[in-house]
Amino acid sequence: QQLNSIGFIWNPVEHAWNTNFDELCSYKAQNGHCNVSENDEGNRSLGQWVNDQRNLYKKNALRSDHIQRLNSIGFVWDP
């Protein structure tokens, strides 16, 4: 309970995924799409994350709940 009260992160991998997803939602709100380029100077790490999600999807290694969340914001799997 004390750890929860200070915002302890129990699952850092899931936390990182959610943080990136939130960043992608913000990017889409500003740009109207989810196709972040790895060459975009200001969004290079987000672009890499987007590319990683596509690669995991192609390998059937992306969790179904993550696929559903990405689909819900209009994520394009094969741009």
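Predicted model only: the values in this text are computed from it and were never measured. (Residues numbered from 1 in each chain as written. Predicted model: local features only at pLDDT ≥ 70, side-chain atom pairs only at ≥ 80, totals over all residues. Heavy atoms only, no water.)

Draft legend 1. Up close: a nonpolar patch on the surface. Judged by side-chain polarity, Leu3, Ile6, Phe8 and Trp10 come together as a nonpolar surface patch covering roughly 470 Å² of accessible area. Looking at the element boundaries, Phe8 is found in the loop between helix H1 (2–5) and helix H2 (12–31). By relative accessible area, which is 40% here, Phe8 ends up partly exposed. (Patch = residues over 30% accessible without salt bridge, like charges linked within 9 Å, V, L, I, M, F, W, Y side chains within 5 Å. Areas by Shrake-Rupley, 256 points an atom, 1.4 Å probe, with all protein chains shown as cover. Salt bridge = Lys/Arg side-chain N within 4 Å of Asp/Glu carboxyl O. Helix = DSSP H or I, 4+ residues; strand = E, 2+ residues; numbered from the N terminus. Buried < 20%, exposed > 50% of the residue type's maximum accessible area, 1.4 Å probe, protein only.)

Draft legend 2. Region of interest: the packing of aromatic side chains. In this structure the tally under the stated criterion is four aromatic pairs. Summarising the aromatic geometry, the rings of Trp17 and Phe21 are spaced 5.4 Å apart at their centres and angled 10 degrees between planes, so their arrangement reads as stacked. Here Trp17 and its partner Phe21 are both found in helix H2, four residues apart, which amounts to about one turn of the helix. According to the relative accessible area criterion, Trp17 is buried, its value standing at 7%. Among the aromatic residues, those joined into a ring-pair cluster are Trp17, Phe21 and Trp49. Stacked on the ring of Phe21, the Lys or Arg Arg69 has its end atom at 4.3 Å from the ring centre. (Phe/Tyr/Trp six-rings, centres within 6.5 Å; stacked < 30°, edge-to-face > 60°. Lys NZ or Arg CZ within 6 Å of the ring centre and 35° of its normal.)

Draft legend 3. Up close: the packing of H2 against helix H4 (residues 64–72). At a minimum axis distance of 11 Å, the contact between H2 and H4 shows a crossing angle of 10 degrees. The orientation of H2 relative to H4 falls into the category roughly parallel. Counted together, Glu14, Trp17, Asn18, Phe21 and Leu24 of H2 and His66, Arg69 and Leu70 of H4 form the full contact between these two elements. Of the residues that constitute the contact of H2 with H4, the class distribution is four nonpolar, two polar and two charged. (Axes fitted to C-alpha atoms, helices over the stretch in contact; angles between N-to-C directions. Parallel < 35°, antiparallel > 145°, perpendicular 65-115°, else oblique. Contact = heavy atoms within 4.5 Å. Nonpolar A, V, L, I, M, F, W, Y, C, P; charged D, E, K, R; others polar.)

Draft legend 4. Spatial organisation of the side chain of Asn20. Locating Asn20 in the fold gives a position in helix H2. Given the relative accessible area of 17%, Asn20 is considered buried. If near-sequence neighbours (up to four positions away) are discounted, Asn20 is found in contact with Leu46 and Trp49.

Draft legend 5. Broad picture of the nonpolar core. Among the nonpolar cores identified, the biggest contains 15 residues, and Leu24, Trp49, Leu70 and Phe75 are the most heavily contacted of them. Where this core is concerned, the elements lending two or more residues are H2, helix H3 (44–58) and H4. Residue contributions to this core peak at four residues, all from H2. What Trp49 contacts, discounting residues up to four positions off in sequence, is Trp17, Asn20, Phe21, Leu24 and Leu70. (Core = buried A, V, L, I, M, F, W, Y, C linked by side-chain atoms within 4.5 Å.)

The values are spatial; any link to function lies outside them.
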